[in-house]
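Read off the chains here:
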Amino acid sequence: MAAAWPELEAAARERRRELCLPGAAVAERVAAGGGRLPAALLALPLLQSLELSGCGALRELGPGLAAALPALHTLVLRDNALGPAGLGAGLGGPLPALRLLDLSGNGLEALPAALGGPEGPGGAPGAAPAFPQLRTLNLAGNRLRELGPGLARAAPQLQALLLSGNRLRALPGGLLPPAAPPGAAFPLLSRLEAADNEMEELGAGIAALTALKSLDVANNQLKELPATLADCPRLKEANFRGNQLKDKRLEKMVNGCQTKAILEYLRAGGRGKGKGESGREEARKKKREKQQKKDGGEGEQDELEEASKLLVKVLHISENPAPLVVKVSPGIKDVRPFIVCCMLKGVNLEPGNTLKRFLSMQTELHEDICVKRTAATIATHDLQLVKGPLIYDVQPPDGLKITPLGRKEIKAKDLLRQLQSEAEEQRKQKKRQNISGLHKYLQLLDGKDNYPCLVDAEGVVISFPPITNSEKTKIRKDTRDLFLEVTSDTSLQICKNVMDTLILKIAELNRLTLENKDSGSDHESDALCGPVDLNPSQTVQPGSIPLVVEQVRVVDTDGNLKVLYPSKTDLTTVSSLLTVIR
């Protein structure tokens, strides 16, 4: 007898468009069904978003998924046990509305041709794209060794391709169709991540990706970088750290994350190049100028961008007489092990709608770079209300007490039960077919015996990631100094990347406030979730007043350093938009 699926019955009855099945809770039923998705799932034709992650029993999707769910635009299948046969020819057919596909952490060793796997003799270059709207494809954390050109044809609108943590030997390798002119394949691909692979070659074909803005090939086995990298007209951010480059001068630039300097060095042919290389550089220069004209004066735009960079000053921990320290308890490693913190001083949230924009910006980051809080979670606090030292700890669900934003003090288990009840009420409302707010993150704690929390010196829980902050440290319009916190159960680098972006977004908002003196008529009360003393002898334009980022140390219980943020190599992912004064 087939296992009952009340979640699917409710979704069908309520005509839901969004469905999230917690992996740990459904693993037994998936195993009983032969390791594939239940057939009842195919009776939900209105479904637009489907997530099933963390289910070690899920080995294949089963037939008919694409045909049964034509409206699907988001499909997240992270940290399962999917095999290549379980994906079918793509995903069993074309998905014309699919925009995000996440297959990370599945241990895949091969892919169907439509997803970038090696093509067999049956490759069909003239076939209609299987994923014409696909924007983001996440294949990180698998065991892929090679890629084929089928993805370029199947997903012509792809903007982000995430390949970190595989076993790739070369890039772009077979990813680009043979003899394809520059810009013909992946004309919109702006973000390519392939860190932590086994790459020995970064090919000259990388210049064919004319829309590329961000490239990450850290922690590979590269010995040199191709000069054609300098021909990528939009490349702003590049991470080559963790490779064994032969050119030591270039390696020094790489370790300093000086993307612009690296590209200029490659453009000049590096050190010790002869006249032949100079001739090739002249040809590349003409090609680059032609491309920039085609892009509408990209060179002039670069100069404008350089002139308008934001300023951030880093205050070293040794310059602070009372530095803030976060101690990490041993138990956190099995729950949510990674945390990065810093202090940001000099923000102005008072004018008009600025605070509302600040909170909206956090929500957007949670949806985007934090991948709906599955990759990382941001918490922001009023620094003046934070009592250090802090402890990043774990507590049982019935022992952890917090005063959530906008609520009274409550135990964690009761808070989650309350939020779940609210979510069910939302679903029953006629016009609310999707859950929203905090409710959609509840499944991130499924199966946890202990919950992560950040506790202040008074023993008060000020943060309960990935769910909520505490009312005690809530940010208000008169807040001037912030304590920023990013946590993750995935990696420390993700925490740093998110923190880099968060600081950039706050700096952008702060400059907008200073320049425009936003005079909106928003009179909202305190929302959920001291000026910096600059050198008085300096005359600084309002838009260029730097925020001050103060370092925060994260240590173990014995005081041994685990992470210091920002270090010399941090804030590099946003270096094209941010000038850091150290």
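Here the structure is a predicted model, which means the values were calculated and not measured.

Moving on, we come to the overall build of the chain. Within the chain, the regular secondary structure consists of 11 helices and 25 strands. Considering the chain as a whole, with its 582 residues, one finds that 49% of them fall into the buried category. About 26300 Å² of surface is accessible on the chain, with carbon and sulfur atoms providing 51% of the total.

So, about the nonpolar core. By size, the foremost hydrophobic cluster in this structure holds 80 residues, and its most contacted members are Phe-131, Phe-186, Leu-225, Leu-229 and Phe-240. Elements with a contribution of two residues or more to this core: α1 (6-13), β1 (18-22), α2 (23-32), β2 (49-53), α3 (65-68), α4 (150-154), α5 (248-255) and α6 (259-267). With near-sequence residues (within four places) excluded, Leu-229 lies in contact with Leu-202, Ile-206, Leu-215, Leu-235, Phe-240, Leu-263 and Leu-266. In this structure, Met-343, Val-486, Met-499 and Val-552 belong to the second largest nonpolar core, which totals 54 residues.

As for its position among the elements, Pro-404 is in the loop between β17 (401-402) and β18 (410-411). For Pro-404, a relative accessible area of 2% puts it in the buried group. Each C-alpha atom, one on Pro-404 and one on Ser-463, is 8.6 Å from the other, the two residues being 59 residues apart in sequence. The residues touching Pro-404, leaving out its near neighbours within four places in the chain, are Ile-410, Leu-415, Thr-468, Asn-469 and Glu-471.

This paragraph deals with the state of the cysteines. Under the definition given, this model contains zero disulfides. Here Cys-342 stays free of any disulfide, with the sulfur of Cys-341 as its closest cysteine sulfur at 7.8 Å.

So, about the pairing of β1. Where β1 meets β2, five bridges bridge the pair, whose relative direction is parallel. Bridged to Leu-19 within β2 is Leu-50. The handedness of the β1 to β2 crossover, carried by α2, is right-handed.

Attention now moves to α2. Here α2 has its buried residues at Gly-23, Val-26, Arg-29 and Val-30. Along the axis of α2, the buried residues cluster in a sector spanning 125°; they form a single face. In α2, the exposed positions that point more than 90 degrees away from the buried face belong to Ala-24, Glu-28 and Ala-32. Buried residues along α2 sit against α1, β1 and β2. At the C-terminal side of α2, Gly-34 shows a positive phi close to 85°.

Moving on, we come to the environment of Ala-3. With respect to the element layout, Ala-3 can be found in the segment before α1. Sequence separation between Ala-3 and Pro-38 is 35 residues; the distance between their C-alpha atoms is 9.0 Å.

It is worth spelling out the confidence of the model for the chain at this point. When pLDDT is averaged along the chain, the result is 82, and 82% of the positions lie at 70 or above. The model gives residues 271-278 a pLDDT under 50, and that stretch makes seven contacts with residues more than four places away or in other chains. Low confidence marks residues 518-543, where pLDDT is under 50. Its contacts with residues over four positions away, or in another chain, come to 48 contacts.

Here the focus is α6. Among all positions in α6, only Thr-259, Ile-262, Leu-263, Tyr-265, Leu-266 and Arg-267 are buried. In the segment just after α6, Gly-269 is the residue with positive phi, at about 90°.

The side chains of a regular strand alternate, residue by residue, between the two faces of the sheet. Of all eight residues that make up strand β22 (residues 481-488), eight are buried, and the element is covered over most of its length. As paired strands, strand β14 (residues 338-345) and β22 are joined by eight bridges and run antiparallel to one another. Bridge pairing in β22 places Phe-338 opposite Ser-488. Pairing between strand β15 (residues 377-382) and β22: six bridges, direction antiparallel. When the sheet's bridge partners are listed, Ile-378 is paired in β22 with Val-486.

If you walk across this open sheet you meet the nine strands as β1-β2-β3-β4-β5-β6-β8-β10-β11, and the pairing is parallel. Lying at the two open borders of the sheet, with one neighbouring strand each, are β1 and β11 (237-239). Sheet twist, expressed as the average angle between the axes of neighbouring strands with direction ignored, equals 5°. Here strand β4 (residues 100-102) runs beside strand β5 (residues 136-138); their pairing, made up of three bridges, is parallel. If you follow Leu-101 over to β5, its bridge partner there is Leu-137.

What counts and how
For every chain, the first residue of the written sequence is number 1, and numbering continues from 1 onward in sequence order. Local features in a predicted model are, by the rule used here, given only for residues with pLDDT of at least 70; side-chain atom pairs are given and counted only at 80 or more, and totals for whole chains, interfaces and linings are based on all residues. Excluded from the side-chain calculation are hydrogens and water; included are all heavy atoms of the structure. By definition, any uninterrupted DSSP run of H or I lasting at least four residues is a helix, any uninterrupted run of E lasting at least two residues is a strand, and each is numbered from the N terminus. Buried means the residue's accessible area, taken with a 1.4 Å probe over protein chains only, is under 20% of the maximum for its type, while exposed means over 50%, and partly exposed covers the values in between. Residue-level accessible areas treat just the shown protein chains as cover; the underlying method is Shrake-Rupley with a 1.4 Å probe. The term nonpolar core refers to a set of buried residues drawn from Ala, Val, Leu, Ile, Met, Phe, Trp, Tyr and Cys, joined through side-chain atoms within 4.5 Å. Residue contacts are counted whenever heavy atoms from the two residues lie within 4.5 Å of one another. Cysteine sulfur atoms that pair up within 2.5 Å are treated as a disulfide. Only when DSSP finds a minimum of two bridges between them are two strands counted as paired. Whether a crossover is right-handed comes down to one check: with the strands pointing away from the viewer, does the path from the first strand over the helix to the second run clockwise; if it does, it is right-handed. Directions pointing from the helix axis toward each C-beta atom define the arc. Summary of the metric used: pLDDT quantifies the predictor's per-residue confidence within the range 0 to 100. To get an axis, fit a line to the C-alpha atoms, keeping to the stretch in contact for a helix; angles then go from 0 to 180 degrees between the N-to-C directions.

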